There are 2 protein chains.
Amino acid sequence: MDFKTVIRTIPDYPKKGIMFRDITTLLGNARAFRRAVDELVQPYAGVRIDRVAGIEARGFILGGAVAHQLSTGFVPVRKKGKLPHTVIGEDYDLEYGKDRVEIHADAVKPGDHVLVVDDLIATGGTCLAAIKLLERAGAKVIGCSFVIDLPEIGGADKIRALGKNVQTLVAFEGH
Amino acid sequence: MDFKTVIRTIPDYPKKGIMFRDITTLLGNARAFRRAVDELVQPYAGVRIDRVAGIEARGFILGGAVAHQLSTGFVPVRKKGKLPHTVIGEDYDLEYGKDRVEIHADAVKPGDHVLVVDDLIATGGTCLAAIKLLERAGAKVIGCSFVIDLPEIGGADKIRALGKNVQTLVAFEGH
């Protein structure tokens, strides 16, 4: 399936010069949503995955569906201050400033095999922070699955350089 | 399945006197997550559902899985200012002040049958706002499914009073 046909591009959002790739049109399309989930999990047929970690917020939608498809548990990787129990956190750099993701300290068990899911990979900053966090908690991140890749920014290559499998379904040029 | 055994209670969070019901322990448990999704969709076997609307943020995880299980599209009901295209919004009252939820104006088609999913129903304020929005956009909300009910607060009854089917999996006393 050509996912480009179901992803809406919004020029100059959130600021001038950015072509925003809006995945809500894909999610709202029953056939495209199911097909995307099937393709995101396709490399993991017969591979041990104990938990799927989804990155807030769009990664929750896809990650929830992927966890359901793989019959695993789901781990939310949340923005700072959103989780109610003891957390561990990891900072990452933004264009200007820093941000932070957190997981519950007991969200994974040592040795768990984890698949990370998000809608889009750009710089990879959030995903790399999520991998560090999950591995600090004792899990092994097996791979990362995204619907959209922006390959010119190079995030997917950074994750591959860690020896992780990276699955993406559609690539757009530019930032 | 007794979902109470897999939901963690955190006393005095986010403030003194509140018993916070932490669903992350249920989501992280593969068997409990799958069972919860099965029970959330159970009343809709053979019922026409075109889209599942999940309420940000925990409703995205469950709603993504429910949409996958029902083979429907997914509509995110988001907090104010998060959606990139033309939105419609609905305010609702909080204990102090107001909040607002939004959907894309084209997120549903007139006549769509929609199931709303969230993790917990308390006052029902967010869910009632989501129902109004979806119906303003021309959809028919068939029902609302939640894992946790706090029946003393009465939100589920308010939704039932609109003639909507409400499915909840576990009830906790108190607020």
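Located above this text is the structure these notes cover.
Here is a short report on the structure shown in this document.

About the thresholds
- Residues numbered from 1 in each chain as written.
- Chains lettered and ligands numbered in written order.
- Predicted model: local features only at pLDDT ≥ 70, side-chain atom pairs only at ≥ 80, totals over all residues.
- Heavy atoms only, no water.
- Least-squares fit on C-alpha atoms with pLDDT ≥ 70 in both.
- Contact = heavy atoms within 4.5 Å.
- Salt bridge = Lys/Arg side-chain N within 4 Å of Asp/Glu carboxyl O.
- Helix = DSSP H or I, 4+ residues; strand = E, 2+ residues; numbered from the N terminus.
- Buried < 20%, exposed > 50% of the residue type's maximum accessible area, 1.4 Å probe, protein only.

Rotating chain A by 180 degrees and translating it 0.0 Å along the rotation axis places it on chain B, where the RMSD comes to 0.0 Å. These values place the two chain copies in the arrangement generated by a two-fold rotation axis. Among all C-alpha atoms of chain A, that of A65 of chain A lies closest to the rotation axis, at 2.0 Å. When the interface residues of chain A are mapped onto chain B, 100% of them again lie at the interface, so the same face is used by both copies.

As a further point, take the pattern of salt bridges. By the definition in use, this model includes 30 salt bridges over all chains. The residue R78 of chain A makes a salt bridge to E56 of chain A at a minimum N-O spacing of 2.8 Å. Of the two residues, R78 of chain A is situated in strand β4 (residues 73-79) and E56 of chain A in the loop between β3 (51-55) and α3 (58-70); the sequence distance between them amounts to 22 residues. Measuring nitrogen to oxygen at the nearest pair gives 2.6 Å for the salt bridge that ties D119 of chain B to R58 of chain B. Of this pair, D119 of chain B sits in strand β7 (residues 113-121) while R58 of chain B sits in helix α3 (residues 58-70); the two residues are 61 residues apart in sequence, bridging distant segments of the chain. By relative accessible area, which is 6% here, D119 of chain B ends up buried. Judged by relative accessible area, which is 27%, R58 of chain B ranks as partly exposed. Here the salt bridges do not stand alone but share partners, grouping R8 and D22 of chain A together with D106 of chain B into one network.

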